[in-house]
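Working through the structure, step by step
So you can see what is in the structure, the chains are spelled out below.
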Amino acid sequence: MNLELQQIMVQLDYIEQTGHGVPLIISRYGKKVFDITENFITVTIPLNKKRENTNMIKESTNWLTGSKDEQILMLMKNNRNIRVHEISKLLGVGTTTVTKRIRHLKERGIVERNGSKKNGWWIVKKG
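Read on for an overview of the structure. Small disclaimer: the values here were computed from a predicted structure and weren't measured.

Here we look at the overall build of the protein
Broken down by element type, the protein carries six helices and four strands. Beginning at the N terminus, the succession of helices and strands in the protein can be written as α-α-β-β-α-α-α-α-β-β. Residues classed as buried in the protein amount to 19% of the 127 residues present. In the protein, 38% of the contacts between residues at least 6 apart in sequence involve partners at least 24 apart. For the protein, the exposed surface amounts to about 9,500 Å²; the carbon and sulfur share of it is 53%.

Quick notes on the packing of helix 4 (residues 67–78) against helix 6 (residues 95–107)
Running from N to C, helix 4 and helix 6 cross one another at 85°; their axes reach a closest spacing of 10 Å. With respect to helix 6, the element helix 4 is oriented roughly perpendicular. When helix 4 is examined against helix 6, the residues Asp-69, Ile-72, Leu-73 and Met-76 are found in contact with a partner set consisting of Val-98, Arg-101, Ile-102 and Leu-105. Within the contact of helix 4 with helix 6, the residues separate by chemical class into six nonpolar, no polar and two charged.

Quick notes on helix 6
Taking 1.5 Å of rise per residue, 13 residues should cover 18 Å, and helix 6 covers 18 Å from first to last C-alpha, within 8% of that figure. Regarding helix 6, the residues found buried are Val-98, Arg-101, Ile-102 and Leu-105. End-on view of helix 6: buried residues confined to an arc of 100°, all on one side of the axis.

Things to note about a nonpolar patch on the surface
A contiguous nonpolar surface patch, about 380 Å² in accessible area, is contributed by Ile-36, Ile-41, Val-43 and Ile-45. Structurally, Val-43 is set in strand 2 (residues 41–43). Looking at Val-43, the relative accessible area reads 36%, which means it is partly exposed.

Some remarks on the packing of aromatic side chains
If you walk through the whole model with that rule in mind, you get zero aromatic pairs. Between Arg-113 and the ring centre of Trp-122, over which it is positioned, the NZ or CZ distance is 4.6 Å.

Focus on the side chain of Arg-113
Looking at the element boundaries, Arg-113 is found in strand 3 (residues 111–114). In terms of polar contacts, Arg-113 uses its side chain to reach the backbone carbonyl oxygen of Lys-117, at 2.8 Å. Within the local environment of Arg-113, its side chain forms a polar contact with the backbone oxygen of Gly-120, the two atoms lying 3.4 Å apart. Residues within four places of Arg-113 in sequence aside, it is in contact with Arg-80, Ile-82, Lys-106, Lys-118, Gly-120, Trp-121 and Trp-122.

How each quantity is defined
- Residues numbered from 1 in each chain as written.
- Predicted model: local features only at pLDDT ≥ 70, side-chain atom pairs only at ≥ 80, totals over all residues.
- Heavy atoms only, no water.
- Helix = DSSP H or I, 4+ residues; strand = E, 2+ residues; numbered from the N terminus.
- Buried < 20%, exposed > 50% of the residue type's maximum accessible area, 1.4 Å probe, protein only.
- Contact = heavy atoms within 4.5 Å.
- Areas by Shrake-Rupley, 256 points an atom, 1.4 Å probe, with all protein chains shown as cover.
- Axes fitted to C-alpha atoms, helices over the stretch in contact; angles between N-to-C directions.
- Parallel < 35°, antiparallel > 145°, perpendicular 65-115°, else oblique.
- Nonpolar A, V, L, I, M, F, W, Y, C, P; charged D, E, K, R; others polar.
- Expected span 1.5 Å × (residues − 1).
- Arc of directions from axis to C-beta.
- Patch = residues over 30% accessible without salt bridge, like charges linked within 9 Å, V, L, I, M, F, W, Y side chains within 5 Å.
- Salt bridge = Lys/Arg side-chain N within 4 Å of Asp/Glu carboxyl O.
- Phe/Tyr/Trp six-rings, centres within 6.5 Å; stacked < 30°, edge-to-face > 60°.
- Lys NZ or Arg CZ within 6 Å of the ring centre and 35° of its normal.
- Polar contact = N/O pair within 3.5 Å; in protein donor to acceptor, adjacent residues only side chain to side chain.

What follows is the structure, encoded as structure tokens:
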């Protein structure tokens, strides 16, 4: 973040002090809580780490965590060039939701993106 933007954020009371939050979050939760896309930085901080570990165990035994994942996979199988915003419109959910679900599918080795966001395509490995 450049210095001018930091100063504006401080003046608007969006942040108290610069330079301390990100290292603190990384030290407590790791880099995995950050999802950086072209237009957004999303930080997801778990409320209960113990609960998160339980969910991870459940998810490892069932690689599809919900019907949205199945719908996303079906759309990718039917149109390997489909973009996130198109999936979002078809499913009636936000692009952030779709991006998070795709990230989870990628982490589990279920899907892979070959090429760029604009000119790439999806490879569905499982499902």
